[in-house]
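# Tertiary structure, described
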Amino acid sequence: MRRCPFAPPAEYAEIRKKPGLSKVRMPDGAWAWIVTRHNEVKQVLGDNRFSTVPSTPNYPMIAPARASLLRNEHPATLIRMDPPEHTKHRRMFSREFMVKTVEAMKPYLNDLVDRLLDEMEAKGGSCDFAEVFALALPTTVISNMLGVPYEDQEYFHERALQKLDLKADPEVPLRAGREMREYLDGLITRKLEAAEPADDLITRMLHNYMLPGHITRAEALATAELLLMGGHETTANMIALGCLSLLLHPDQKDALVADPSLVVGAVEEMLRFHTIVHYNGPRVALEDVEVGGTLIRKGDGVLALISAANRDPAAFDDPDRFDIRRKALHHVAFSFGSHQCLGQALARAELQIVFSKLFQRFPNLKLAVPVEELEFRYDAFVYGIEKLPVTW
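Residues numbered from 1 in each chain as written. Predicted model: local features only at pLDDT ≥ 70, side-chain atom pairs only at ≥ 80, totals over all residues. Heavy atoms only, no water.

### Section: the sheet that holds strand β3 (residues 50-51)
Applicable threshold: DSSP-based pairing: two strands are paired if at least 2 bridges between them are found. In this text, helices come from DSSP runs of H or I with a minimum length of four residues, and strands from runs of E with a minimum of two, each type numbered from the N-terminal end. Here a residue-residue contact requires only that any non-hydrogen atoms of the pair lie within 4.5 Å. Axis lines are fitted through C-alpha atoms, for helices just across the contact stretch, and the angle between N-to-C directions can take any value from 0 to 180 degrees.
Judged by pairing direction, the sheet is mixed, and its five strands sit side by side in the order β1-β2-β8-β5-β3 without closing on themselves. On the outer flanks of this sheet lie β1 (22-25) and β3, each paired with one strand and no other. The pairing of β1 with strand β2 (residues 31-35) spans four bridges and is antiparallel. Paired with Val24 across the bridge in β2 is Ala32. Sheet strands in contact with helix α2 (residues 38-45) are β2, β3, β5 (282-285) and β8 (301-304), and its direction is about 125° off that of β8.

Laid out in C-alpha coordinates, this is it:
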(Lines give C-alpha, C1' and ligand atoms only; values in the text may rest on other atoms or scores of the structure.)
Protein backbone atom coordinates (compact mmCIF):
# COMPACT_ATOMS: atom_id res chain seq x y z
CA MET A 1 0.00 0.00 0.00
CA ARG A 2 1.82 3.08 -1.26
CA ARG A 3 1.30 6.56 0.11
CA CYS A 4 0.53 9.41 -2.27
CA PRO A 5 2.42 12.71 -1.84
CA PHE A 6 -0.45 14.27 0.09
CA ALA A 7 -2.54 11.33 1.26
CA PRO A 8 -2.22 7.96 2.94
CA PRO A 9 -2.63 4.87 0.73
CA ALA A 10 -6.02 4.72 -0.99
CA GLU A 11 -6.53 1.22 0.40
CA TYR A 12 -6.98 2.67 3.91
CA ALA A 13 -10.18 4.42 2.82
CA GLU A 14 -11.50 1.24 1.19
CA ILE A 15 -10.78 -0.81 4.32
CA ARG A 16 -12.43 1.86 6.48
CA LYS A 17 -15.72 1.41 4.57
CA LYS A 18 -15.94 -2.30 5.43
CA PRO A 19 -17.76 -3.34 8.61
CA GLY A 20 -15.60 -4.45 11.51
CA LEU A 21 -11.84 -4.75 11.11
CA SER A 22 -9.83 -6.28 8.27
CA LYS A 23 -6.61 -8.27 8.28
CA VAL A 24 -3.52 -7.48 6.23
CA ARG A 25 -0.46 -9.59 5.49
CA MET A 26 2.87 -8.18 6.68
CA PRO A 27 6.12 -8.45 4.67
CA ASP A 28 7.25 -11.41 6.79
CA GLY A 29 4.04 -13.31 6.01
CA ALA A 30 2.35 -12.72 9.36
CA TRP A 31 -1.19 -11.37 9.57
CA ALA A 32 -2.32 -8.32 11.56
CA TRP A 33 -5.58 -6.51 12.15
CA ILE A 34 -5.62 -3.06 10.55
CA VAL A 35 -7.48 -0.28 12.37
CA THR A 36 -8.37 2.76 10.25
CA ARG A 37 -11.28 4.57 11.92
CA HIS A 38 -10.56 7.53 14.18
CA ASN A 39 -12.46 6.36 17.25
CA GLU A 40 -11.15 2.78 16.99
CA VAL A 41 -7.54 3.89 16.51
CA LYS A 42 -7.89 5.97 19.68
CA GLN A 43 -9.41 2.98 21.47
CA VAL A 44 -6.42 0.74 20.63
CA LEU A 45 -3.76 3.37 21.35
CA GLY A 46 -5.38 4.30 24.64
CA ASP A 47 -5.75 0.73 25.91
CA ASN A 48 -2.82 -0.80 27.82
CA ARG A 49 -4.13 -4.26 26.95
CA PHE A 50 -2.26 -3.71 23.69
CA SER A 51 1.53 -4.00 23.99
CA THR A 52 4.06 -1.86 22.13
CA VAL A 53 7.04 -4.10 22.99
CA PRO A 54 8.59 -5.39 19.71
CA SER A 55 9.77 -8.69 21.23
CA THR A 56 6.14 -9.69 21.88
CA PRO A 57 5.22 -12.58 19.52
CA ASN A 58 3.23 -11.44 16.45
CA TYR A 59 4.32 -7.79 16.79
CA PRO A 60 3.66 -6.34 13.28
CA MET A 61 6.92 -5.55 11.48
CA ILE A 62 6.32 -3.25 8.54
CA ALA A 63 9.65 -3.94 6.82
CA PRO A 64 12.72 -6.20 7.24
CA ALA A 65 14.85 -3.13 8.07
CA ARG A 66 12.43 -2.15 10.82
CA ALA A 67 12.35 -5.70 12.19
CA SER A 68 16.15 -5.84 12.28
CA LEU A 69 16.34 -2.55 14.19
CA LEU A 70 13.63 -3.26 16.76
CA ARG A 71 14.60 -6.86 17.50
CA ASN A 72 18.19 -5.85 18.21
CA GLU A 73 17.53 -2.66 20.18
CA HIS A 74 18.93 -3.24 23.67
CA PRO A 75 17.83 -1.66 25.86
CA ALA A 76 14.61 -0.46 24.29
CA THR A 77 13.66 3.21 24.30
CA LEU A 78 10.69 4.34 26.37
CA ILE A 79 8.36 4.44 23.35
CA ARG A 80 8.78 0.67 23.08
CA MET A 81 8.02 -0.08 26.73
CA ASP A 82 4.74 -0.98 28.39
CA PRO A 83 3.64 0.27 31.81
CA PRO A 84 4.96 0.31 34.48
CA GLU A 85 8.43 0.59 32.88
CA HIS A 86 7.17 3.13 30.36
CA THR A 87 5.53 5.23 33.08
CA LYS A 88 8.73 5.28 35.14
CA HIS A 89 10.97 6.38 32.26
CA ARG A 90 8.53 8.90 30.81
CA ARG A 91 8.00 10.59 34.16
CA MET A 92 11.73 11.33 34.39
CA PHE A 93 11.59 13.62 31.34
CA SER A 94 8.04 14.97 31.24
CA ARG A 95 9.03 18.15 33.09
CA GLU A 96 11.60 18.99 30.39
CA PHE A 97 8.80 19.18 27.80
CA MET A 98 5.93 20.64 29.83
CA VAL A 99 3.92 23.51 28.31
CA LYS A 100 5.28 25.81 31.05
CA THR A 101 8.87 24.89 30.14
CA VAL A 102 8.22 25.42 26.43
CA GLU A 103 6.58 28.79 27.12
CA ALA A 104 9.79 29.91 28.81
CA MET A 105 11.71 28.90 25.68
CA LYS A 106 9.66 31.05 23.29
CA PRO A 107 11.89 34.16 23.37
CA TYR A 108 14.82 31.93 22.39
CA LEU A 109 12.74 30.22 19.68
CA ASN A 110 11.61 33.57 18.26
CA ASP A 111 15.17 34.89 18.12
CA LEU A 112 16.41 31.67 16.50
CA VAL A 113 13.71 31.72 13.82
CA ASP A 114 14.55 35.36 13.04
CA ARG A 115 18.24 34.53 12.76
CA LEU A 116 17.62 31.60 10.44
CA LEU A 117 15.34 33.74 8.27
CA ASP A 118 18.16 36.29 8.08
CA GLU A 119 20.53 33.54 6.97
CA MET A 120 17.99 32.36 4.43
CA GLU A 121 17.60 35.88 3.03
CA ALA A 122 21.38 36.14 2.75
CA LYS A 123 21.29 33.27 0.24
CA GLY A 124 20.27 35.88 -2.31
CA GLY A 125 16.88 34.81 -3.61
CA SER A 126 16.82 31.00 -3.68
CA CYS A 127 17.70 28.02 -1.49
CA ASP A 128 16.75 24.51 -0.47
CA PHE A 129 14.28 25.38 2.27
CA ALA A 130 14.32 21.84 3.63
CA GLU A 131 18.01 22.04 4.48
CA VAL A 132 18.65 25.74 5.08
CA PHE A 133 15.70 26.32 7.39
CA ALA A 134 13.43 23.31 8.06
CA LEU A 135 16.23 21.04 9.24
CA ALA A 136 18.40 23.75 10.81
CA LEU A 137 15.73 25.01 13.23
CA PRO A 138 14.76 21.86 15.16
CA THR A 139 18.32 20.53 15.00
CA THR A 140 19.59 23.70 16.68
CA VAL A 141 16.81 23.57 19.28
CA ILE A 142 17.26 19.93 20.27
CA SER A 143 21.06 20.20 20.21
CA ASN A 144 20.83 23.15 22.59
CA MET A 145 18.37 21.36 24.88
CA LEU A 146 20.35 18.13 25.05
CA GLY A 147 23.81 19.65 25.07
CA VAL A 148 24.83 18.01 21.79
CA PRO A 149 27.33 19.99 19.67
CA TYR A 150 25.47 21.45 16.68
CA GLU A 151 28.56 21.00 14.50
CA ASP A 152 27.98 17.23 14.77
CA GLN A 153 24.51 17.52 13.24
CA GLU A 154 25.51 16.05 9.87
CA TYR A 155 26.80 12.93 11.62
CA PHE A 156 23.67 12.23 13.66
CA HIS A 157 21.26 13.34 10.93
CA GLU A 158 22.74 10.88 8.43
CA ARG A 159 22.42 8.06 10.94
CA ALA A 160 18.87 9.06 11.81
CA LEU A 161 17.93 8.78 8.13
CA GLN A 162 19.56 5.36 7.91
CA LYS A 163 17.68 4.14 10.98
CA LEU A 164 14.36 5.32 9.53
CA ASP A 165 14.92 3.93 6.01
CA LEU A 166 12.46 1.06 5.55
CA LYS A 167 13.92 -0.13 2.24
CA ALA A 168 17.52 -0.37 3.48
CA ASP A 169 19.43 -3.61 3.93
CA PRO A 170 18.63 -4.78 7.49
CA GLU A 171 22.27 -4.29 8.52
CA VAL A 172 22.15 -0.54 7.70
CA PRO A 173 19.82 0.63 10.51
CA LEU A 174 21.61 -1.70 12.93
CA ARG A 175 24.97 -0.16 12.14
CA ALA A 176 23.54 3.37 12.26
CA GLY A 177 22.07 2.67 15.70
CA ARG A 178 25.37 1.34 17.01
CA GLU A 179 27.26 4.36 15.68
CA MET A 180 24.69 6.77 17.13
CA ARG A 181 24.98 5.23 20.60
CA GLU A 182 28.81 5.12 20.39
CA TYR A 183 28.78 8.84 19.57
CA LEU A 184 26.45 9.58 22.49
CA ASP A 185 28.46 7.34 24.81
CA GLY A 186 31.54 9.50 24.14
CA LEU A 187 29.47 12.61 24.75
CA ILE A 188 28.25 11.23 28.08
CA THR A 189 31.84 10.50 29.14
CA ARG A 190 32.85 14.09 28.39
CA LYS A 191 29.89 15.43 30.37
CA LEU A 192 30.72 13.25 33.37
CA GLU A 193 34.36 14.39 33.27
CA ALA A 194 33.49 18.10 33.03
CA ALA A 195 34.75 20.21 35.92
CA GLU A 196 31.31 21.83 36.29
CA PRO A 197 28.00 20.20 35.26
CA ALA A 198 26.49 21.85 32.18
CA ASP A 199 22.89 23.09 32.15
CA ASP A 200 21.45 20.70 29.59
CA LEU A 201 19.01 17.79 29.56
CA ILE A 202 21.56 14.99 29.15
CA THR A 203 23.67 16.30 32.04
CA ARG A 204 20.58 16.56 34.27
CA MET A 205 19.61 13.00 33.30
CA LEU A 206 23.07 11.73 34.25
CA HIS A 207 23.19 13.49 37.62
CA ASN A 208 19.54 13.05 38.61
CA TYR A 209 18.89 9.51 37.38
CA MET A 210 21.97 7.62 36.18
CA LEU A 211 24.50 8.39 38.91
CA PRO A 212 21.96 7.74 41.73
CA GLY A 213 21.23 4.36 40.09
CA HIS A 214 17.65 4.92 38.88
CA ILE A 215 18.65 4.07 35.29
CA THR A 216 21.68 2.37 33.77
CA ARG A 217 24.17 4.01 31.43
CA ALA A 218 22.73 1.95 28.57
CA GLU A 219 19.23 3.25 29.37
CA ALA A 220 20.56 6.81 29.48
CA LEU A 221 22.09 6.26 26.03
CA ALA A 222 18.81 4.90 24.65
CA THR A 223 16.88 7.90 25.97
CA ALA A 224 19.41 10.41 24.65
CA GLU A 225 19.24 8.78 21.22
CA LEU A 226 15.43 8.80 21.19
CA LEU A 227 15.25 12.49 22.14
CA LEU A 228 17.91 13.49 19.63
CA MET A 229 16.22 11.65 16.75
CA GLY A 230 12.68 12.54 17.69
CA GLY A 231 13.56 16.17 18.38
CA HIS A 232 14.82 17.07 14.93
CA GLU A 233 13.77 14.60 12.21
CA THR A 234 10.02 14.82 12.73
CA THR A 235 9.76 18.59 13.13
CA ALA A 236 12.11 19.22 10.21
CA ASN A 237 9.88 17.26 7.85
CA MET A 238 6.75 18.89 9.24
CA ILE A 239 8.14 22.40 8.65
CA ALA A 240 9.04 21.55 5.05
CA LEU A 241 5.71 19.89 4.27
CA GLY A 242 3.77 22.66 6.02
CA CYS A 243 5.57 25.25 3.90
CA LEU A 244 4.81 23.25 0.76
CA SER A 245 1.11 22.97 1.67
CA LEU A 246 0.81 26.73 1.96
CA LEU A 247 2.73 27.31 -1.27
CA LEU A 248 0.25 25.01 -3.02
CA HIS A 249 -2.70 26.87 -1.44
CA PRO A 250 -1.78 30.54 -1.97
CA ASP A 251 -5.21 31.77 -0.87
CA GLN A 252 -4.68 30.16 2.52
CA LYS A 253 -1.10 31.44 2.68
CA ASP A 254 -2.38 34.97 2.04
CA ALA A 255 -5.10 34.54 4.66
CA LEU A 256 -2.47 33.52 7.20
CA VAL A 257 -0.36 36.57 6.38
CA ALA A 258 -3.41 38.83 6.75
CA ASP A 259 -4.53 37.20 9.99
CA PRO A 260 -1.67 35.69 12.04
CA SER A 261 -4.18 34.40 14.61
CA LEU A 262 -4.94 31.61 12.13
CA VAL A 263 -1.53 30.07 12.79
CA VAL A 264 -2.65 27.83 15.67
CA GLY A 265 -5.33 26.15 13.57
CA ALA A 266 -3.05 26.08 10.52
CA VAL A 267 -0.42 24.10 12.43
CA GLU A 268 -2.99 21.57 13.68
CA GLU A 269 -4.22 21.12 10.12
CA MET A 270 -0.68 20.57 8.83
CA LEU A 271 -0.15 17.93 11.50
CA ARG A 272 -3.43 16.19 10.65
CA PHE A 273 -3.12 16.46 6.90
CA HIS A 274 0.42 15.08 6.62
CA THR A 275 0.63 12.75 9.67
CA ILE A 276 4.32 12.22 9.01
CA VAL A 277 4.88 9.32 11.47
CA HIS A 278 2.63 7.41 9.11
CA TYR A 279 3.38 3.85 10.28
CA ASN A 280 2.78 4.62 13.95
CA GLY A 281 0.65 2.20 15.94
CA PRO A 282 1.90 -1.43 15.83
CA ARG A 283 0.59 -3.34 18.83
CA VAL A 284 -0.06 -6.88 20.11
CA ALA A 285 -3.18 -7.79 22.11
CA LEU A 286 -2.29 -9.01 25.61
CA GLU A 287 -5.81 -10.37 26.10
CA ASP A 288 -9.03 -10.67 24.12
CA VAL A 289 -10.35 -7.19 23.23
CA GLU A 290 -13.32 -6.17 21.09
CA VAL A 291 -12.68 -3.27 18.70
CA GLY A 292 -15.23 -2.02 16.19
CA GLY A 293 -17.39 -5.11 16.60
CA THR A 294 -14.43 -7.43 15.92
CA LEU A 295 -12.94 -9.67 18.61
CA ILE A 296 -9.16 -9.35 18.62
CA ARG A 297 -7.71 -12.44 20.28
CA LYS A 298 -4.84 -12.45 22.76
CA GLY A 299 -1.58 -12.59 20.80
CA ASP A 300 -2.98 -11.01 17.60
CA GLY A 301 -0.94 -8.28 15.93
CA VAL A 302 -2.67 -4.94 15.35
CA LEU A 303 -1.84 -1.85 13.28
CA ALA A 304 -3.66 1.23 14.61
CA LEU A 305 -2.86 3.65 11.81
CA ILE A 306 -2.95 7.31 12.81
CA SER A 307 -2.57 8.42 9.18
CA ALA A 308 -5.82 6.62 8.35
CA ALA A 309 -7.57 7.96 11.46
CA ASN A 310 -6.68 11.54 10.50
CA ARG A 311 -8.48 11.11 7.17
CA ASP A 312 -11.62 9.53 8.61
CA PRO A 313 -14.68 11.43 7.26
CA ALA A 314 -16.56 10.50 10.43
CA ALA A 315 -14.10 12.66 12.37
CA PHE A 316 -13.22 15.35 9.79
CA ASP A 317 -15.48 16.81 7.12
CA ASP A 318 -13.97 16.48 3.64
CA PRO A 319 -10.78 15.06 5.21
CA ASP A 320 -8.67 15.06 2.04
CA ARG A 321 -8.94 18.86 1.74
CA PHE A 322 -6.24 21.04 3.32
CA ASP A 323 -8.00 23.81 5.26
CA ILE A 324 -6.20 25.99 7.82
CA ARG A 325 -9.57 27.14 9.22
CA ARG A 326 -10.56 23.58 10.11
CA LYS A 327 -11.02 22.72 13.80
CA ALA A 328 -8.61 19.79 13.80
CA LEU A 329 -7.35 19.68 17.37
CA HIS A 330 -8.78 16.16 17.86
CA HIS A 331 -6.31 14.72 15.34
CA VAL A 332 -3.97 11.94 16.47
CA ALA A 333 -0.80 13.02 14.64
CA PHE A 334 1.05 12.87 17.98
CA SER A 335 -0.52 9.45 18.68
CA PHE A 336 -2.89 8.97 21.62
CA GLY A 337 -2.89 7.57 25.13
CA SER A 338 0.18 6.97 27.27
CA HIS A 339 2.47 6.87 24.23
CA GLN A 340 1.53 10.20 22.70
CA CYS A 341 4.52 12.33 21.75
CA LEU A 342 6.47 13.64 24.74
CA GLY A 343 7.70 16.67 22.76
CA GLN A 344 4.42 17.79 21.22
CA ALA A 345 4.30 21.13 23.07
CA LEU A 346 7.78 21.99 21.77
CA ALA A 347 6.92 20.87 18.23
CA ARG A 348 3.76 22.99 18.25
CA ALA A 349 5.67 26.03 19.53
CA GLU A 350 8.33 25.70 16.82
CA LEU A 351 5.74 25.27 14.07
CA GLN A 352 3.56 28.14 15.28
CA ILE A 353 6.50 30.55 15.44
CA VAL A 354 7.78 29.49 12.02
CA PHE A 355 4.45 29.97 10.28
CA SER A 356 3.70 33.24 12.04
CA LYS A 357 6.92 34.66 10.55
CA LEU A 358 7.91 32.83 7.35
CA PHE A 359 5.43 34.33 4.88
CA GLN A 360 5.37 37.69 6.65
CA ARG A 361 9.09 37.85 5.88
CA PHE A 362 8.88 36.20 2.43
CA PRO A 363 5.38 36.97 1.07
CA ASN A 364 6.50 36.09 -2.47
CA LEU A 365 8.09 32.75 -1.59
CA LYS A 366 7.36 30.17 -4.28
CA LEU A 367 8.46 26.77 -5.49
CA ALA A 368 11.52 26.82 -7.76
CA VAL A 369 10.51 23.59 -9.53
CA PRO A 370 7.20 21.98 -10.52
CA VAL A 371 5.67 20.02 -7.65
CA GLU A 372 5.90 16.86 -9.80
CA GLU A 373 9.71 17.06 -9.56
CA LEU A 374 9.80 17.01 -5.77
CA GLU A 375 11.09 13.79 -4.19
CA PHE A 376 9.13 12.51 -1.19
CA ARG A 377 10.31 9.99 1.42
CA TYR A 378 7.71 7.29 0.84
CA ASP A 379 9.87 4.49 2.25
CA ALA A 380 10.91 6.10 5.52
CA PHE A 381 9.30 5.60 8.92
CA VAL A 382 8.98 9.39 9.13
CA TYR A 383 7.43 10.79 5.94
CA GLY A 384 9.00 13.87 4.44
CA ILE A 385 10.58 15.55 1.49
CA GLU A 386 14.19 15.29 0.30
CA LYS A 387 14.59 18.88 -0.96
CA LEU A 388 12.31 21.90 -1.23
CA PRO A 389 13.83 24.38 -3.71
CA VAL A 390 12.27 27.82 -3.32
CA THR A 391 12.75 31.31 -4.70
CA TRP A 392 11.64 34.78 -3.59
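Now, onward.
### So, the nonpolar core
Worth spelling out the cut-off: Take the buried Ala, Val, Leu, Ile, Met, Phe, Trp, Tyr and Cys residues and link them wherever side-chain atoms come within 4.5 Å; each set so joined is a nonpolar core. Burial classes: relative accessible area under 20% of the type maximum marks a residue as buried, over 50% as exposed, and values in between as partly exposed (1.4 Å probe, protein chains only).
Ranked by size, the top nonpolar core spans 103 residues in total, and within it Met120, Phe129, Phe133, Phe355, Leu358 and Leu388 carry the most contacts. By residue number, the principal contributor to this core is helix α10 (residues 217-248), which donates 14 residues. Sequence-distant contacts of Phe133, defined by excluding residues within four places in its chain, comprise Val113, Leu116, Leu117, Met120, Pro138, Ile239 and Val354. The next biggest cluster of nonpolar side chains, apart from the first, holds 16 residues, and it includes Leu21, Leu45, Val289 and Ile306.

### A word on the sheet that holds strand β10 (residues 389-391)
On the basis of which strands lie adjacent, the open sheet formed by three strands has the order β4-β10-β9 and antiparallel pairing. Each edge of the open sheet carries a strand with a single partner, namely β4 (126-128) and β9 (366-367). As paired strands, β4 and β10 are joined by three bridges and run antiparallel to one another. Bridged to Asp128 within β10 is Pro389. Relative to the sheet, helix α6 (residues 129-146) contacts β4 and β10, its axis offset from that of β4 by approximately 65°.

### Remarks on the environment of Ala304
Tracing the sequence through the fold places Ala304 in strand β8. Sequence-distant contacts of Ala304, defined by excluding residues within four places in its chain, comprise Val35, Val41, Val44, Leu45, Asn280 and Gly281.

### Side note on the packing of aromatic side chains
Stated precisely, the cut-off is as follows: Here is the rule: rings of Phe, Tyr and Trp (six-membered ring for Trp) pair when centre to centre is within 6.5 Å. Planes less than 30 degrees apart are stacked, more than 60 are edge-to-face, and the remainder are tilted.
Under the defined criterion, the tally for this structure stands at nine aromatic pairs. Pairing Phe6 with Phe376 gives two aromatic rings, centres 5.7 Å apart and planes at 80°, and the pair type is edge-to-face. One end of the pair, Phe6, is in the segment before α1 (10-17); the other, Phe376, is in the loop between β9 and β10, with 370 residues separating them in the sequence. You can call Phe6 partly exposed: its relative accessible area is 25%.

### What about the layout of surface pockets?
Convention followed: Cavities and pockets are defined on a 1 Å grid built over the protein atoms alone: a cavity is a set of grid points where a 1.4 Å probe fits but cannot escape, while a pocket is an open set with protein on both sides within 12 Å along at least five of seven lines, and lining residues are those with an atom within 4 Å of any such point. Grid points are joined across faces, edges and corners, and a volume is the space filled by probe spheres set on the points. Nonpolar residues are Ala, Val, Leu, Ile, Met, Phe, Trp, Tyr, Cys and Pro. Charged residues are Asp, Glu, Lys and Arg, and all others, Gly as well, are polar.
Approximately 460 Å³ is the volume attributed to the largest pocket. Forming the walls of the largest pocket are 24 residues, and the residues nearest its centre are Ala130, Glu131, Val132, Leu135 and His157. The biggest single contributor to the lining of the largest pocket is α6, with six residues. Of the residues in the lining of the largest pocket, the class split is 11 nonpolar, three polar and 10 charged. Lining the second largest pocket are 17 residues, with Met1, Tyr12, Met26, Ile62 and Tyr279 positioned closest to its centre.

So far we have only geometry, and geometry alone does not tell us how the molecule works.
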